[in-house]
Amino acid sequence: TTVGAAEKVRYCDYPFYPPVSWSDGKQVRGLAPSVVRTLFGNLGYEVEIVVLGNWKRCLLDAAEGRVDVVLAYSTEQREQSMRFSTVPVLREEVAVFINRKHPVKVERLEDLSHYRGGLLFGESYGQDFDRFVAQHGNIEWVSDSLQNFGKLIRGRIDFIIQERRTGLLFVEHLPGAVDIEALPDSLSVDYLRIAVSRRSALVERMPDIDAELQRMTNAGEIERWLNESEAIYRDMINLPAGVQ
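An account of the accompanying structure is given in this report.

The rules behind these values
Counting restarts for each chain: residues are numbered from 1 in the order of the written sequence. Residue-level local features of this predicted model are given only where pLDDT is at least 70; pairs of side-chain atoms are given and counted only at 80 or more, and the full residue set underlies all totals for whole chains, interfaces and linings. Side-chain measures were taken over the full set of non-hydrogen atoms in the model, leaving aside hydrogen atoms and water. As a rule, the C-alpha atoms of each element are fitted with a line to give its axis, helices using only the stretch in contact, and angles between N-to-C directions run from 0 to 180 degrees. Strands are runs of DSSP state E lasting at least two residues, helices are runs of H or I lasting at least four, and both sets are numbered from the N terminus onward. Small angles under 35 degrees read as roughly parallel and large ones over 145 as roughly antiparallel, with 65 to 115 read as roughly perpendicular and the rest as oblique. Only heavy atoms matter for contacts: two residues are in contact if any of them lie within 4.5 Å across the pair. Charged means Asp, Glu, Lys or Arg here, nonpolar means Ala, Val, Leu, Ile, Met, Phe, Trp, Tyr, Cys or Pro, and polar covers whatever is left, Gly included. Exposed residues in this analysis have more than 50% of their type's maximum accessible area, buried residues have under 20%, and partly exposed residues fall in between, with area computed by a 1.4 Å probe over protein chains only. Note that the arc is computed from the directions linking the helix axis to the C-beta atoms. Residues adjacent in sequence count toward polar contacts only when both atoms are side-chain atoms; beyond that, a polar contact is any pair of N or O atoms within 3.5 Å, and within protein one must be able to donate a hydrogen and the other to accept it.

**A few points about the packing of helix H7 (residues 206-218) against helix H8 (residues 221-238)**
Two elements in contact, H7 and H8, have axes separated by 5 Å at closest approach and are oriented at 65°. One finds that H7 runs roughly perpendicular with respect to H8. Between H7 and H8, the residues in contact are Leu-213, Arg-215, Met-216 and Thr-217 and Glu-221, Ile-222 and Trp-225, respectively. Residue composition of the contact of H7 with H8, grouped by class: four nonpolar, one polar and two charged.

Structure follows, in structure tokens:
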């Protein structure tokens, strides 16, 4: 490489989770790409964003070292192929979304077995939840949120499991979604972390990654990007058709 050229970091994103990440049709926007670009830029790298057709592919490519970085929840299985930052990027609540016209009574996870739910391919919300889903077979899998919430609006399914912040932002602008609400109790709380492939040379720099993430958190940068991302997403959704 030429002198002074930054090394490249390949970051994989599945941009369907505003305000964390979404696509405006041309590029990936949101909190996640902002954090990754700044974090690795400050450590002297150039970031290349790789967008794949689904979330499973991103995780697989990270496990096999075809990409260096993803933003993900830590699970035992993923820990085998990736190193996770000890400093989290974002706290997330897993919520149950329902249609008020078809009330659902849920006090604990098991109660959901009496109803039909919707999930996106590749989504995992922790080992207990994944085990529950495998056991009861009451989940319909779809490829995008619009399809999922459309089914909930029409009463074809009874609930959707979705990260609370993303789900609320999504239904805020969805035609016909006035009766869709998130139940107040969260199923679980998890933390999005920077995950580096164990096959990537970046693994050596985990202490630096954690230190830089801590600095960004203390400086309020991550919270500011989160708020900005929500505002930008709302502005984009509210533009008349054809202006984007």
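**Concerning helix H2 (residues 55-63)**
One turn of the α-helix equals 3.6 residues, which is why residues spaced by three or four share an orientation. What H2 keeps buried is the set Trp-55, Cys-58, Leu-59, Asp-61 and Ala-62. Axial view of H2: buried residues confined to an arc of 165°, hence all on one face. Its buried side turned inward, H2 meets strand E1 (7-13), strand E6 (69-72), helix H3 (76-79), strand E7 (82-84) and strand E13 (188-197). Its side-chain oxygen 3.0 Å from the backbone nitrogen of Lys-56, Asn-54 forms the N-cap of H2. After H2 finishes, the residue Gly-65 shows a positive phi value of roughly 85°.

**With respect to the environment of Glu-48**
Here Glu-48 shows up in strand E5 (residues 45-51). Separated by 30 residues in sequence, Glu-48 and Arg-78 have C-alpha atoms that sit 22 Å apart. Beyond its immediate chain neighbours, meaning those up to four positions away, Glu-48 contacts Lys-8, Val-9, Arg-10 and Tyr-11. A polar side-chain atom of Glu-48 sits 3.1 Å from a polar atom in the side chain of Arg-10.

**What to know about the side chain of Asp-111**
Here Asp-111 is to be found in the loop between strand E8 (90-99) and strand E9 (117-120). Polar contacts involving the side chain of Asp-111 include one to the main-chain amide nitrogen of Glu-107, which spans 2.7 Å. For Asp-111, the residues in contact, after removing those within four places along its chain, are Lys-105 and Val-106.

**Considering the environment of Ser-186**
Within the secondary structure layout, Ser-186 lies in the loop between strand E12 (180-182) and E13. For the pair Ser-186 and Val-94, spaced 92 residues apart in sequence, the C-alpha to C-alpha distance is 5.6 Å. Beyond its immediate chain neighbours, meaning those up to four positions away, Ser-186 contacts Glu-93, Val-94 and Arg-164. Among the polar contacts listed, one links the side chain of Ser-186 to the side chain of Glu-93, at a separation of 2.6 Å. Polar contacts involving the side chain of Ser-186 include one to the side chain of Arg-164, which spans 2.9 Å.

Read these as spatial facts, not as claims about activity.
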